[in-house]
Amino acid sequence: MRSTVDKLRAILRRDLLTAIRHRSGFAMTLIGVFMELAAFYFLSRAIGPGFRPGGVEYFPFLLVGTGVYTFFVMSAQAFLSSVQEAQQTGTMEVLMTTSTEPAELVVLSSISAFAGNLVSLGVYLLAGVAVFRASIHVDVLSCFVVLILSIVIALALGIVVATMQITLQKGSAVLWLLSSGLWFLSGAMFPSESLPRPLELLAHLVPLTYAIEGMRMALLQGRSVVAMAPTLAILAAFGAVLLPLAMGGLSLSLRRARRRGTLSFY
Amino acid sequence: MDRVVFESVRKVFRHHPALFNWMGRERGGETVALENLSFSAPAGQVLVLLGPNGSGKTTALKLISTILLPDAGTVWVDGCDTVKHARRVRQQVGIAVATERSFFPRLSARENLDFFAALDEVPPRDRRARIDSVLRDTGLEEQADTLVMKFSSGMYQRLGIARALVKRPGVLLLDEPTRSLDAGTTAHFWTTVRALAGQPTTILLATHNFAEAATVGDRLLLLRRGRLLADRPVRAGESAEALRSFYFHMTGEVDEAPGAIRRVETLP
């Protein structure tokens, strides 16, 4: 346990120092957040106050939908980047020779990636509320539960993308396909009920749909954990199935890469 | 007791054309990297792997470190099968790979070593002293707090050796460790290797440098196209020139270098 905490500290320190030493990138990300929010704000104004999906104003609807969507995609991107960078710089093979199990390394690295993306999500939501006056009605406990369950699913998604990178060396293409599909189906920009019936049914098979829906209930409507139990149960079920499958897939792909000698191929 | 044992190990790399390779000319095929390789290395021995490019030296080191898995046969490290007990093997093995830039560029040398030491479960209370010690041994004390993105090739290589040493491995794998080092650092490195062998660490050293093989080696394995051509001791006082002659005699390759160049190449 002590060594796990020590490894986590080392990984967090590495990522923090790298981020701090990329100050210009950090500043540009902040500017990008405000530009994106401004675009959504004026889009909702152009559409007008009559459009209230799910009974909430359109700007807060967009704020939560795009915020959670971005959290998912950026988390998966963080996994992909860390694998690609490790392959390109040659650290991949060296990391695989340390005393730390690959699965442990992935999970610990993900904590660091999620910490960074959680901060970004917090800044995004706070800026939406403070600068663009999005109206919210928060249930903190529900928010916390949705967030934890969402992280489990995002972890699984990130591992799948990392696995694709190790197996096919095509993680970017898979992430692009996943992110555009999720953007379209998950209800981030518009309610999934607006889709044609077959696509709406497909949207119900996408875990991000429930993560966004749950976060809207918790952040915008102040629903309690009990009131949103069905959504939470679905999120938990997705996490319980997807995470072990993703970990198993990663383990198999690493073994296959070791067998074929393709660990550092990209 | 033998620390590293290869039992009839075979390793084949199968080449699969890239996915969606509609326009390319790449075809499938296979390369036999190691064929029926058997040898053992006891504690405290410096075992030199010599052989032309593509002879299987690096593959053998990667099999010991668990980066690769064998297709047939077994590799044992301290009695542990590298496939079944990979984690226990990795706890024993340190590797300095030929890839120079296998570090995090925006971390300093010390920060990189601290990171890898944590993943190698070096106790935090010992870490600082060990890192200072390996930085001293590899001549990187003055660059300890420099970001490694500013390092030269030789400094990267020294840092790679430092990383392999910081966990104090029972088995140390060195792949062309002095390729980019200057003469002074190379000589100091050879002294360090000999001192480690006395501790006793088992060292497997893949090299093309006959002077290095003659100076630090206790025994040499000569490989060609994945097969073992020779397994013999390096005799006390044996010259680099003698090893060079042995190499060309055994591999059947033609030594085209003029005498003057040969003499220079056998110097550190």
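Definitions and limits used
- Residues numbered from 1 in each chain as written.
- Chains lettered and ligands numbered in written order.
- Predicted model: local features only at pLDDT ≥ 70, side-chain atom pairs only at ≥ 80, totals over all residues.
- Heavy atoms only, no water.
- Pairing = 2+ DSSP bridges.
- Helix = DSSP H or I, 4+ residues; strand = E, 2+ residues; numbered from the N terminus.
- Axes fitted to C-alpha atoms, helices over the stretch in contact; angles between N-to-C directions.
- Contact = heavy atoms within 4.5 Å.
- Expected span 1.5 Å × (residues − 1).
- Buried < 20%, exposed > 50% of the residue type's maximum accessible area, 1.4 Å probe, protein only.
- Salt bridge = Lys/Arg side-chain N within 4 Å of Asp/Glu carboxyl O.
- Core = buried A, V, L, I, M, F, W, Y, C linked by side-chain atoms within 4.5 Å.
- Phe/Tyr/Trp six-rings, centres within 6.5 Å; stacked < 30°, edge-to-face > 60°.
- Lys NZ or Arg CZ within 6 Å of the ring centre and 35° of its normal.
- Buried area = accessible area lost by both parts, 1.4 Å probe.
- Polar contact = N/O pair within 3.5 Å; in protein donor to acceptor, adjacent residues only side chain to side chain.
- Nonpolar A, V, L, I, M, F, W, Y, C, P; charged D, E, K, R; others polar.

### Some words on the sheet that holds strand 10 (residues 227-233) of chain B
Residues and elements named next belong to chain B.
Part 1: Ordered by their spatial adjacency, six strands build an open sheet running 6-7-8-3-9-10, and the pairing between neighbours is mixed. The outermost strands of the open sheet, each flanked by one partner alone, are strand 6 (93-96) and strand 10. Averaged over all neighbouring strand pairs, the angle between strand axes comes to 15°, with direction disregarded.
Part 2: Relative to strand 7 (residues 171-175), strand 6 is paired through four bridges, and the arrangement is parallel. By the bridge assignment, I95 is partnered in strand 7 with L173.
Part 3: The sheet strands contacting helix 5 (residues 153-166) are strand 6 and strand 7, and the helix crosses strand 6 at an angle near 180°.

### A word on helix 10 (residues 229-260) of chain A
Part 1: Taking 1.5 Å of rise per residue, 32 residues should cover 46 Å, and helix 10 of chain A covers 46 Å from first to last C-alpha, within 8% of that figure.
Part 2: Taken as a whole, helix 10 of chain A has its buried residues at T231, L232, L235, F238, G239, A246, L250, S253, L254, A257 and R258 of chain A.
Part 3: Looking at the buried residues of helix 10 of chain A, the elements they touch are helix 4 (91-95), helix 5 (102-130), helix 6 (140-168) and helix 9 (207-220) of chain A together with strand 1 (2-15) and helix 2 (86-92) of chain B.
Part 4: Downstream of helix 10 of chain A by a residue or two, G261 of chain A has a phi angle that is positive, lying close to 75°.

### Concerning the pattern of salt bridges
Opposite charge on two side chains makes pairing possible when the charged atoms of those side chains draw close.
Part 1: The tally for this structure, following the rule as stated, stands at 25 salt bridges over all chains.
Part 2: Here R127 of chain B ties to D6 of chain A by a salt bridge, and the two come within 2.2 Å at their closest N and O atoms. Of this pair, R127 of chain B sits in helix 4 (residues 124-137) while D6 of chain A sits in helix 1 (residues 2-20), each in a different chain. No difference in accessibility class separates R127 of chain B from D6 of chain A, as the two residues are buried.
Part 3: Residue K167 of chain B is joined to D120 of chain B by a salt bridge in which the shortest nitrogen-to-oxygen separation is 3.2 Å.

### Side note on the nonpolar core
Part 1: Ranked by internal contacts, the top residues of the largest apolar core, which has 160 residues, are F72 and L208 of chain A together with F6, I64 and L204 of chain B.
Part 2: Per-element tally for this core: the top contributor is helix 3 (residues 58-89) of chain A, with 16 residues.
Part 3: In this structure, L204 of chain B is in contact with V4, F39, L47, L61, I64, V171, L172, L173 and L174 of chain B, ignoring residues within four places of it in sequence.

### A short note on the packing of aromatic side chains
Part 1: In the structure shown here, the tally under the stated rule is 20 aromatic pairs over all chains.
Part 2: For the pair Y210 of chain A and F238 of chain A, a centre-to-centre distance of 5.9 Å together with 40° between the ring planes defines the contact as tilted. Here the residue Y210 of chain A occupies a position in helix 9, and F238 of chain A occupies one in helix 10, the gap between them amounting to 28 residues. By the burial criterion, Y210 of chain A is buried, and F238 of chain A matches it.
Part 3: One aromatic cluster is present, formed by F103, F104, F115, F116, F151 and Y156 of chain B through successive ring pairs.
Part 4: The ring of F61 of chain A carries R216 of chain A above its face, with NZ or CZ at 3.4 Å from the centroid.

### With respect to the interface of chain B and chain A
When the parts of a complex come together, some accessible area is lost, and that lost area is often used as the size of the interface.
Part 1: Contacts between the two partners involve 41 residues from chain B, matched on the other side by 34 residues from chain A.
Part 2: Both faces combined, the contact of chain B with chain A buries some 3300 Å², and carbon together with sulfur accounts for 56% of it.
Part 3: Together, R90, R106 and L119 of chain B form the three largest contributors to the area buried by chain B at its contact with chain A, with a combined 21%.
Part 4: Taken together, the connections running from chain B to chain A amount to seven salt bridges.
Part 5: The salt bridge partner of E101 of chain A is R90 of chain B, with a shortest N-O separation of 3.6 Å.
Part 6: Between the two partners, chain B and chain A, sit eleven residue pairs in polar contact (both at pLDDT 80 or more).
Part 7: Within the residue set of the side of chain B that touches chain A, elements represented by two or more residues are strand 1, helix 1 (57-65), helix 2, strand 6, helix 3 (109-119) and helix 4 of chain B.
Part 8: Ranked by residue count, the leading element in the side of chain B that touches chain A is helix 3 of chain B, at six residues.
Part 9: Among the residues forming the side of chain B that touches chain A, the class breakdown is 20 nonpolar, seven polar and 14 charged.

### As for the pairing of strand 3 (residues 46-50) of chain B
All names here are of chain B.
Part 1: With five of five residues buried, strand 3 lies mostly within the body of the structure.
Part 2: Across the two faces of strand 3 the burial is the same, with V46, V48 and L50 and L47 and L49 all buried.
Part 3: Across four bridges, strand 3 lies against strand 8 (residues 202-206) in parallel orientation. Paired with V48 across the bridge in strand 8 is L205.
Part 4: With four bridges joining them, strand 3 and strand 9 (residues 219-224) adopt parallel strand pairing. Residue pairing in the sheet places L50 in a bridge with L222 of strand 9.

The quantities given are spatial measurements derived from coordinates; they are silent on function.
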